[in-house]
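Fold and geometry: a report
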Amino acid sequence: MYIIIYDFGTSSVKTCLFKINEDIRLVADANSDYGIYISDDGGAEQDVEEWWEALCRTTRSLFEVSDVKPQEIEGLAFCSQIQGTVMVDEHANALRRPMNYLDQKGYKEYKECMGRGLIKVSGCSLYKLARNLKVNYAGSVSAKDPVWKYKWVENHEPDVFKRIYKWLDISDYLVARCTGRIIRTADTAFATFLYDTRKGREGWNTGLLKMYGVKPEHMPEIIDSTDIAGHLTEKAAKELGLVKDIPVFGGGGDTTFVNIGAGCTRPGDTHIYIGTSGWVSTFMNYQTVDLKSMITGVLSAKHGYFNYYAELETAGKCAEWAIRHLALDDIGIYLIKNHDDYEQKIIGIYDYITREVDKVPAGANGVIFTPWLHGNRCPFEDSNAAGIFFNIRIENNKMDMIRAVFEGICYHLRWLLEASERKVKTSDPIRFVGGGALSPVICRMLADITGRRIETVEHAQETGAVGTALVVAAGIKGEDVLEMARRLVKVTHTYDPDPGTKEAYERNYKVFKKIYKSNASNFRDMAK
């Protein structure tokens, strides 16, 4: 069977055509970028028409580079960035530019609501946190959480707020545009932290809606990620270059599907992801929370299961920043010598830089980098936190700094791994997925810094899309998706820790963890 999955990231979509039978094969894929508009007030917004144009472009491209016909597609779904905010009217038209997960314009709304109360935990009202924790083991304790985006619109754009029919996440909006049906999947509903996860009570919690001042009529019907949300409308099919009535599954957020695409489908299986953002996630058959470290169990695509999820806001984004701003001369030389297609050129640049970085000894000759280019959420929440190059000396060079960026990402992921272990048992080996897993240099670095065996899988960069495709295939075939993932997801490489790097990495990691505490007040002063 042929399935189309839209892997909808922070700044681009990768549209994937899969063939699933006795194995899973990526037949064709196409990429297209769209903008993210950062403003001085903490805003991070996007444009729905840019999204849709990217979807249409990439969908049509699939059939230009493969022999598959649109009539052969049996299903499609979205695997999207999560915790966005899209306000729509009754026809699913967006009323304003969507705010993505990085948007923190609602900081004032967050502080006014959660900062009040005689007793506080992590700066938040204990009473409100306790109510949230009882309902879903989570709480809206970050200015980036969706409810504060919603409240910001209410306070700053009353004309828009009056016209809201429903409040959606990004994948839900795209489903509505394809099918005409306005719903939320359970995972994106949970991401608002207004959803009740208690067995037998799943759904919007009226008490939390009232506590946060959210209108119940703005909350859509909820379905599971594995459900068919609707069928492709004639209009959407024509624009996408597909045929009418293809089943569109609920889909949902990237965190929902990556564990399935990584083959982490037994309780305790742990994976690490490095894409634009990064995370450590352990698959669980129960839900728990660590409020101090800002970690909770988010919903899995499989009902009754959870992903204990610790996030780094900017991971691969830091590597992209370093290559763009610290290695322009090398990139310029590289591009003169290489004239392949755009994506291969970009992959080649990363390969080139990581090869050069591999010549720098472990520990980056003493340089340390903090990967907090847009604040941080876990294991400490601070929207003011920023990147630092620490301990640069006259003998250090540019490649020391770039290696420090890669190491800094891995140090933070180790920190998340250790924070996770305070509540759950993580696995050894660990599956490593996302764009970062394409580099053997980064794989070895992650193994050495975490002290764990690292495994990579087929289609490592598309694991969210693979997991979503498996959910769709299992739904069509009537199979259990966890069993299907265990059968079809294959390990390709393993990396064991090198004891020779341990001394340098342990020294740097110990200092890395102290840098935030030593600079929290400095970050706060600079933000003013």
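Structural notes, computed from the coordinates. Source: prediction; values computed, not measured. (Residues numbered from 1 in each chain as written. Predicted model: local features only at pLDDT ≥ 70, side-chain atom pairs only at ≥ 80, totals over all residues. Heavy atoms only, no water.)

All right, on to unusual backbone geometry then. Cis peptide bonds are those with omega within 30 degrees of zero, and the linkage from Cys378 to Pro379 qualifies with 5°. Relative to the elements of secondary structure, Pro379 occurs in the loop between strand S23 (368–370) and strand S24 (388–390). Cis geometry is found at the peptide bond from Asp428 to Pro429, where omega equals 20°. Mapped onto the elements of the fold, Pro429 is located in the loop between helix H14 (398–420) and strand S25 (430–433). Unlike most non-glycine residues, Asn365 shows phi in positive territory, near 50°. On the secondary structure map, Asn365 appears in the loop between helix H13 (342–357) and S23. Take Asn365: its relative accessible area is 42%, and that puts it in the partly exposed class. The phi dihedral of Asn391 is positive, around 75°, even though this residue is not glycine. Positionally, Asn391 belongs in the loop between S24 and H14. (Helix = DSSP H or I, 4+ residues; strand = E, 2+ residues; numbered from the N terminus. Buried < 20%, exposed > 50% of the residue type's maximum accessible area, 1.4 Å probe, protein only.)

Put simply, helix H1 (residues 48–64) and helix H6 (residues 170–179) touch, their axes get as near as 12 Å, and they point 65° apart. Crossing hand, H1 versus H6: right-handed. Of the residues in H6, those touching H1 at Val48, Glu49, Trp51, Trp52 and Leu55 are Ile170, Tyr173, Leu174, Arg177 and Cys178. Taken together, the residues of the contact of H1 with H6 break down into eight nonpolar, no polar and two charged. (Axes fitted to C-alpha atoms, helices over the stretch in contact; angles between N-to-C directions. Left-handed = near helix turned anticlockwise from the far one by under 90°. Contact = heavy atoms within 4.5 Å. Nonpolar A, V, L, I, M, F, W, Y, C, P; charged D, E, K, R; others polar.)

Before going further, it helps to spend a moment on the sheet that holds strand S26 (residues 454–457). Pairing is mixed in the open sheet, where eight strands are placed in the order S20-S21-S22-S19-S18-S25-S26-S27. This sheet does not close on itself; its edge strands, each paired only once, are strand S20 (289–290) and strand S27 (491–495). With two bridges connecting them, S20 and strand S21 (residues 295–299) associate as antiparallel partners. The residue bridging Asp290 from the neighbouring strand is Ile295, located in S21. Most of the contacts of helix H15 (residues 440–450) go to S26, to which it runs at about 150°, and overall it touches strand S18 (270–274), S25, S26 and S27. (Pairing = 2+ DSSP bridges.)

Moving on: helix H11 (residues 316–326). All buried positions along H11 are accounted for by Gly316, Cys318, Ala319, Ala322, Ile323 and Leu326. For H11, the angular spread of the buried residues around the axis is 155°, confining them to a single face. (Arc of directions from axis to C-beta.)

Moving on, we come to H1. Here H1 spans 25 Å end to end across 17 residues, near enough to the 24 Å set by a 1.5 Å rise per residue. Residues of H1 that are buried include every one of Val48, Trp51, Trp52, Ala54, Leu55, Cys56, Thr58, Thr59, Leu62 and Phe63, and no others. Between the side-chain oxygen of the N-cap and the backbone nitrogen of Glu49 there are 2.8 Å, and the N-cap of H1 in question is Asp47. (Expected span 1.5 Å × (residues − 1). Polar contact = N/O pair within 3.5 Å; in protein donor to acceptor, adjacent residues only side chain to side chain.)

Counting buried residues along strand S6 (residues 73–80), seven of its eight residues qualify, which places the element largely inside the surrounding structure. Looking at chain direction, strand S1 (residues 2–8) and S6 are connected through seven bridges and run parallel. Bridging across to S6, Phe8 finds its partner in Ser80. Of the pairings in the sheet, the one linking S6 to strand S17 (residues 252–253) comprises two bridges and is parallel in character. Considered in S17, the bridge of Cys79 is made with Gly252.

Let's shift gears to the side chain of Thr288. Residue position: Thr288 is located in the loop between strand S19 (278–284) and S20. Residue contacts for Thr288: discarding those within four places in its chain leaves Tyr137, Thr296, Gly297, Tyr308, Lys423 and Val424.

All right, on to the packing of aromatic side chains then. Tallied over the full model, the rule gives 27 aromatic pairs. Ring geometry for Trp372 and Tyr516: centres 6.1 Å apart, planes at 85°, overall edge-to-face. With Trp372 in the loop between S23 and S24 and Tyr516 in helix H18 (residues 502–527), this residue pair connects regions lying 144 residues apart in the sequence. As far as the burial class goes, Trp372 and Tyr516 line up, both buried. When the centroid spacing of 5.6 Å and the interplanar angle of 45° are considered together, the rings of Tyr411 and Phe512 count as tilted. With a gap of 101 residues between them, Tyr411 in helix H14 and Phe512 in helix H18 connect regions that are remote in the sequence. For the pair formed by Tyr411 and Phe512, the shared burial category is buried. The structure contains a cluster of three or more aromatic residues connected by ring pairs, namely Trp372, Phe380, Tyr411, Trp415, Tyr505, Tyr509, Phe512, Tyr516 and Phe523. Positioned over the ring face of Tyr165 is Lys166, at 5.1 Å from the centre of the ring. The positively charged end of Arg184 is found above the aromatic ring belonging to Trp167, 5.4 Å away from the centroid. (Phe/Tyr/Trp six-rings, centres within 6.5 Å; stacked < 30°, edge-to-face > 60°. Lys NZ or Arg CZ within 6 Å of the ring centre and 35° of its normal.)

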